[in-house]
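So you can see what is in the structure, the chains are spelled out below.
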Amino acid sequence: VKISVLKERDEGGERRVALIPQVAEKLTPLGITFAMETGAGVASSYPDSAYKDVTFSPDRNALVADADIVLAVQPPTLETVKAMKPGAILIAFIYGRNNPDLVKALRDGKITCFAMELVPRISRAQAMDALSSQATLAGYYAVLMGAVHMPKILPMMTTAVGSLRAAQVLVMGLGVAGLQSLATAKRLGAITEGYDVRPETKEEAQSLGAKFVDTGVDATGQGGYARELTDDEKQKVRKALSDHIARSDLIVTTAAVPGKRAPRLIDAEQIKAMKPGAVIIDLGAEGGGNCEGTQAGQTVQVGPTTIVGPVNVPSMLAEQASELYSKNIMHLLQQIITKDKGLAPDFTDEVISGTALTHDGYITNDGIRTAVD
Ligand code: NAD
């Protein structure tokens, strides 16, 4: 089985790579030969020389045309998809709803595409769950970004001239990223509070030493995700949260609802009431922002508050984000390639069929097919 690995495009600022040396070494015995685009791992601290038994070439189209499987982090260009041979496999993040032309090109090119964002969120697929592995790192890094933007420190500190108080940190949205933010803020010595619309997150927050802000709203949706709030619920939440927002030194927001714009958790009036020097790290920035005034990719000052809207946070931790992503892909490859059978994805397996976006000339994912066609 021939696998080619793309160098991510510079214009997107993506620093990650889909294959790290350790994973290449582990998979080679399965009968896989790897070829990579020259310098593919450099931005994530994996120079070409770190890869054993991998060939390198600067000719992307030739690499792609020769491959049974193409690996990438970001959605590839249409040109790259067109260079793939019919029946070949693509494994990358695709975000089909946002990239309908790409989905159609994959369909028309008879590419079997496994979209990493579609890996089912079930226990058996945890090792392949790249959304979780990347969100974990983003949640961690959000707190560090907050810490460097704050005019104060996170822990309590005793000095010769008196004690400095520990900072108040509020994390809104307690999925994978938010829980990691709570854990990180606690480790750095902050006093932590968490809030989510799924009541089961209360116990998770408390187990990380945080207080749970109970708004009395339960908006548990399908598959462990949240649903959108009604207007009444929004009012109720707003009322319950305003005081907590006003007394926070740092807020990390991570709220998301599948297929929807990021829910608005903090409005302009609440921002105005925050403490001077307060910081919001809005991890929802790419999805439209959890906060009024958030600008994706920018840091803005709104009244007393600095609002940071980072995009592609996992890429900022490219070395280990690549390590985890590459291992997620390794587990997927181990499902579809075996020593005896070679490359043979089993589409009766719910993880394989759930992750497939296109196959054999069809858009196999129902939701994306409806959205794209
Ligand atoms: P996500 O990125 O979709 O959303 C982040 C959080 O925002 C969620 O906790 C959601 O409840 C919350 N949210 C949405 N609207 C909100 C609002 N108005 N106010 C406050 N919070 C709001 O979430 P995720 O990190 O991808 O996790 C989604 C679910 O999947 C969770 O239940 C998680 O435990 C589950 N999960 C399961 C597995 C597994 O079993 N393998 C792996 C990963 C995640």
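Scroll up to find the structure this text is about.
All of these numbers come straight from a predicted model, not from anything done at the bench.

A.B. asks: What is the right way to look at the site of the ligand in this model?
C.D. replies: Contacts to the ligand come from 28 residues, most closely from Gly-173, Gly-175, Gly-224, Ala-226 and Ala-255. Of all elements in the fold, only α5 (130–149) and α6 (176–187) reach the threshold of two or more residues within the shell around the ligand. Each residue belonging to the shell around the ligand can be placed in one class, and the counts come to 16 nonpolar, eight polar and four charged.

A.B. asks: Is there a simple way to explain the nonpolar core in this structure?
C.D. replies: Side chains that are nonpolar tend, in soluble globular proteins, to be buried together. Of all hydrophobic cores here, the largest spans 114 residues; its most connected members are Leu-19, Val-70, Leu-71, Ile-91 and Leu-357. The leading source of residues in this core is α5, at nine residues.

A.B. asks: Where do I start with the environment of Met-116 in this structure?
C.D. replies: One can find Met-116 in the loop between β6 (112–115) and α5. As a C-alpha pair, Met-116 and Gly-139 span 23 residues in sequence and 19 Å in three-dimensional space. Contact partners of Met-116, with chain neighbours within four places excluded, come to Ile-91, Ala-92, Phe-93, Ala-130 and Asn-328.

A.B. asks: How do you make sense of the sheet that holds strand β14 (residues 299–302) when you look at a structure like this?
C.D. replies: What holds strands together in a sheet is hydrogen bonding between their backbones, with the strands either parallel or antiparallel. If you walk across this open sheet you meet the seven strands as β11-β10-β9-β12-β13-β15-β14, and the pairing is mixed. One side of each edge strand has no neighbouring strand; the edge strands of this open sheet are β11 (211–212) and β14. Sheet topology places strand β9 (residues 168–172) next to strand β12 (residues 250–253); four bridges connect them, and they run parallel. Bridge pairing in β12 links Val-171 to Val-252. Across the sheet, α5 is in contact with β12, β13 (279–282) and β15 (305–308); its angle to β13 comes to roughly 150 degrees. Contacts from α6 reach β9, β10 (191–195) and β12, with the element oriented near 170 degrees to β10.

A.B. asks: For this particular structure, what's the right way to read the packing of α5 against α6?
C.D. replies: Packed helices, taken two at a time, are described by the angle between their axes plus the distance between the axes. It is the contact of α5 with α6, at a shortest axis distance of 7 Å, that shows an interaxial angle of 40 degrees. Considering how the two elements wind past one another, α5 and α6 form a crossing that is right-handed. Touching Ser-132, Ala-135, Thr-136, Ala-138, Gly-139, Tyr-140, Ala-142 and Val-143 of α5 are Val-176, Ala-177, Gly-178, Leu-179, Gln-180, Ser-181, Thr-184 and Ala-185, all from α6. When the residues that make up the contact of α5 with α6 are grouped by side-chain class, the tally is nine nonpolar, seven polar and no charged.

A.B. asks: Help me understand unusual backbone geometry, please; the structure alone is not making it clear to me.
C.D. replies: When glycine is set aside, most residues are seen to have a negative phi, and most peptide bonds are trans. The phi dihedral of Asp-53 falls on the positive side, at around 55 degrees, and the residue is not glycine. Positive phi, close to 55 degrees, is recorded for Asp-360, a residue that is not glycine. In this structure, Asp-360 sits in the loop between β18 (356–359) and β19 (362–363).

A.B. asks: What exactly am I supposed to notice about helix α4 (residues 100–108) here?
C.D. replies: Quick reminder: α-helices carry 3.6 residues per turn. Residues three or four places apart thus point the same way. When α4 is considered as a whole, its buried residues turn out to be Leu-102, Val-103, Ala-105, Leu-106 and Arg-107. For α4, the elements touching its buried residues are α3 (78–83), β5 (89–92), β6, β18, β19 and α13 (366–372). At the C-terminal side of α4, Lys-110 shows a positive phi close to 55 degrees.

A.B. asks: Please explain the packing of α5 against helix α11 (residues 318–336) as it appears in this structure.
C.D. replies: One can describe the packing of α5 onto α11 by two numbers: an axis separation of 9 Å at closest approach and a directional angle of 165 degrees. The angle between the axes of α5 and α11 places the two elements in the roughly antiparallel class. Where α5 crosses over α11, the two elements pack in a sense that is right-handed. Contact residues: α5 offers Ala-130, Ser-133, Gln-134 and Leu-137, while α11 offers Gln-320, Ala-321, Leu-324, Tyr-325 and Asn-328. Classifying every residue of the contact of α5 with α11 by side-chain character gives five nonpolar, four polar and no charged.

Reading the values: rules and limits
- Residues numbered from 1 in each chain as written.
- Predicted model: local features only at pLDDT ≥ 70, side-chain atom pairs only at ≥ 80, totals over all residues.
- Near = placed C-beta within 6 Å.
- Helix = DSSP H or I, 4+ residues; strand = E, 2+ residues; numbered from the N terminus.
- Nonpolar A, V, L, I, M, F, W, Y, C, P; charged D, E, K, R; others polar.
- Core = buried A, V, L, I, M, F, W, Y, C linked by C-beta atoms within 7 Å.
- Buried ≥ 20, exposed ≤ 12 C-beta atoms within 10 Å, placed from the backbone.
- Contact = placed C-beta atoms within 7 Å.
- Pairing = 2+ DSSP bridges.
- Axes fitted to C-alpha atoms, helices over the stretch in contact; angles between N-to-C directions.
- Left-handed = near helix turned anticlockwise from the far one by under 90°.
- Parallel < 35°, antiparallel > 145°, perpendicular 65-115°, else oblique.

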